[in-house]
There are 2 protein chains.
Amino acid sequence: MTVLDHAPGEVRDRAEPCRPGPKPGRPQGRDRYTISEVAEYTGLSAHTLRWYERIGLMPHVDRTHTGQRRYTDRDLDWLDLVGRLRLTGMPVADMVRYAQMVREGEHTVAARERLLSAHRDDVRRRIAELRSTLDVLDYKIDIYADARRRASEGV
Amino acid sequence: MTVLDHAPGEVRDRAEPCRPGPKPGRPQGRDRYTISEVAEYTGLSAHTLRWYERIGLMPHVDRTHTGQRRYTDRDLDWLDLVGRLRLTGMPVADMVRYAQMVREGEHTVAARERLLSAHRDDVRRRIAELRSTLDVLDYKIDIYADARRRASEGV
DNA sequence: TAGAGAGTTGGAGTGCACTCCAAGCAAGCG
DNA sequence: CGCTTGCTTGGAGTGCACTCCAACTCTCTA
């Protein structure tokens, strides 16, 4: 199931995949993944997956009759999003707030949009910052490269 | 003094400003700045400036006869570079290695260039990563915006 | 010359995001 | 059955980059 299957007007409450389309590299769609399969797939450690659950960053995960976790494709979609937000440096506390709002349902949609928009602005700012540092790096590396060239030519 | 004043073939051993030209916002060039002036200028706390010195990230800073620090324009140049590397997420340990190499002199020039080049690659990778996350963010924000629009139009 | 304010030190404390540990339960295999 | 491998928990530990503290000295202005 992808986001494109939604009835119009619906915003899904739980998994909210990042983008439509099949996810590559996902263990064939059994929809009952063990923690180590999910660790492998996401690159997070099993420790971290349990910790995410403890702090409320992960919606409640299904269990077997003996209490072992079984993750669904929805859970993997959610972890995709979390992983991306994490890559862009969103603090875990903010992601937890977002997860809480998702759990609270429709009436938090505007606040969720604000949170994501603010974060997008932040990411844009950081890209610009990185670009300008890249210029400085280029400048300094050029100086070193020149020095090396002169040295190797014995000038 | 800027990097443009060097005799050809020389790579300066200590301050290595990020780029040529006058630095704006620098307390008028008395070349003897107190720690609080430097804190103000760099945005770092005085605590952090002392800590940088302790861990070897800052070359030895001049002192008054009573032991108070007096930073020079060269020190400020160095802090400019450190600040930029920090903004791009270079670990402090790597910056300390770089500072050590600068202190060791000419024969570390090639290694310094390698370190900076590797970091530049890293920054480029992170920019690409941020860009791709930006796409995901746009996609999700669009969904929220659509939902909000539909809700406000009562459709 | 008195007092405020800024500087000094080593070492301890903080916040974040994991990361690991010990002790125990459960499933599958020869 | 015993063994290995994987899962469970709460709580403790780690690494990074600061950040603050206590107890002091120094500088500057009135």
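In case you missed it, the structure is sitting above this.
This one's a predicted model, so the numbers in the text were calculated from it and none came from an experiment.

(A) Summary view of the overall build of chain A. A tally of helices and strands in chain A yields 5 helices and 2 strands. Taken from N to C terminus, the helices and strands of chain A fall in the order α-α-β-β-α-α-α. Out of the 155 residues belonging to chain A, those deemed buried represent 44%. In chain A, 56% of the contacts between residues at least 6 apart in sequence involve partners at least 24 apart. Accessible area for chain A stands at about 8,300 Å²; split by element, carbon and sulfur atoms hold 51% of it.

(B) How the structure looks around helix α1 (residues 35-42) of chain B. Residue and element names in this part refer to chain B. Among all positions of α1, only Ile35, Val38, Ala39 and Tyr41 are buried. All buried residues of α1 project into a common sector of 165° when viewed along the axis, lining one side. Looking one or two residues beyond α1, the residue adopting positive phi is Gly43, at roughly 85°.

(C) Structural view of the protein's contact with DNA strand C. Around DNA strand C there are 18 residues in total, and A:His47, A:Arg86, B:Ser36, B:Arg50 and B:Arg69 lie nearest to it. The sugar-phosphate portion of DNA strand C accounts for 70% of its atoms within 4 Å of the protein, the bases making up the rest. With respect to DNA strand C, the side chain of B:Thr34 contributes an N or O atom lying 3.5 Å from a phosphate oxygen. Between DNA strand C and B:Arg69, the relevant distance is 2.7 Å, taken from a phosphate oxygen to a side-chain nitrogen or oxygen of the residue. A per-element tally of the surface near DNA strand C places helix α2 (residues 46-54) of chain A first, with 4 residues.

(D) Representation of the packing of helix α5 (residues 109-152) of chain A against helix α5 (residues 109-152) of chain B. Contact geometry for α5(A) and α5(B): axes closest at 8 Å, N-to-C directions at 160°. Relative to α5(B), α5(A) is oriented roughly antiparallel. Here α5(A) runs over α5(B); the crossing is left-handed. Classifying every residue of the contact of α5(A) with α5(B) by side-chain character gives 20 nonpolar, 4 polar and 17 charged.

(E) Region of interest: the protein's contact with DNA strand D. Neighbouring residues of DNA strand D: 18 residues in total, closest A:Ser36, A:Arg50, A:Arg69, B:His47 and B:Thr66. Counting only atoms of DNA strand D within 4 Å of the protein, the fraction found in sugar and phosphate groups is 73%. Side-chain polar atom of B:Arg86 to a phosphate oxygen of DNA strand D: 3.2 Å apart, as the coordinates give it. Of all the secondary-structure elements, those providing two or more residues to the surface near DNA strand D are α1 (35-42) and α2 of chain A together with α2 (46-54) of chain B. With 4 residues, the single largest contributor to the surface near DNA strand D is α2(B). Taken together, the residues of the surface near DNA strand D sort by class into 5 nonpolar, 8 polar and 5 charged.

The rules behind these values
- Residues numbered from 1 in each chain as written.
- Chains lettered and ligands numbered in written order.
- Predicted model: local features only at pLDDT ≥ 70, side-chain atom pairs only at ≥ 80, totals over all residues.
- Heavy atoms only, no water.
- Helix = DSSP H or I, 4+ residues; strand = E, 2+ residues; numbered from the N terminus.
- Buried < 20%, exposed > 50% of the residue type's maximum accessible area, 1.4 Å probe, protein only.
- Contact = heavy atoms within 4.5 Å.
- Areas by Shrake-Rupley, 256 points an atom, 1.4 Å probe, with all protein chains shown as cover.
- Arc of directions from axis to C-beta.
- Near = heavy atom within 4 Å.
- Polar contact = N/O pair within 3.5 Å; in protein donor to acceptor, adjacent residues only side chain to side chain.
- Axes fitted to C-alpha atoms, helices over the stretch in contact; angles between N-to-C directions.
- Parallel < 35°, antiparallel > 145°, perpendicular 65-115°, else oblique.
- Left-handed = near helix turned anticlockwise from the far one by under 90°.
- Nonpolar A, V, L, I, M, F, W, Y, C, P; charged D, E, K, R; others polar.

Any link to function would need more than the numbers given here.
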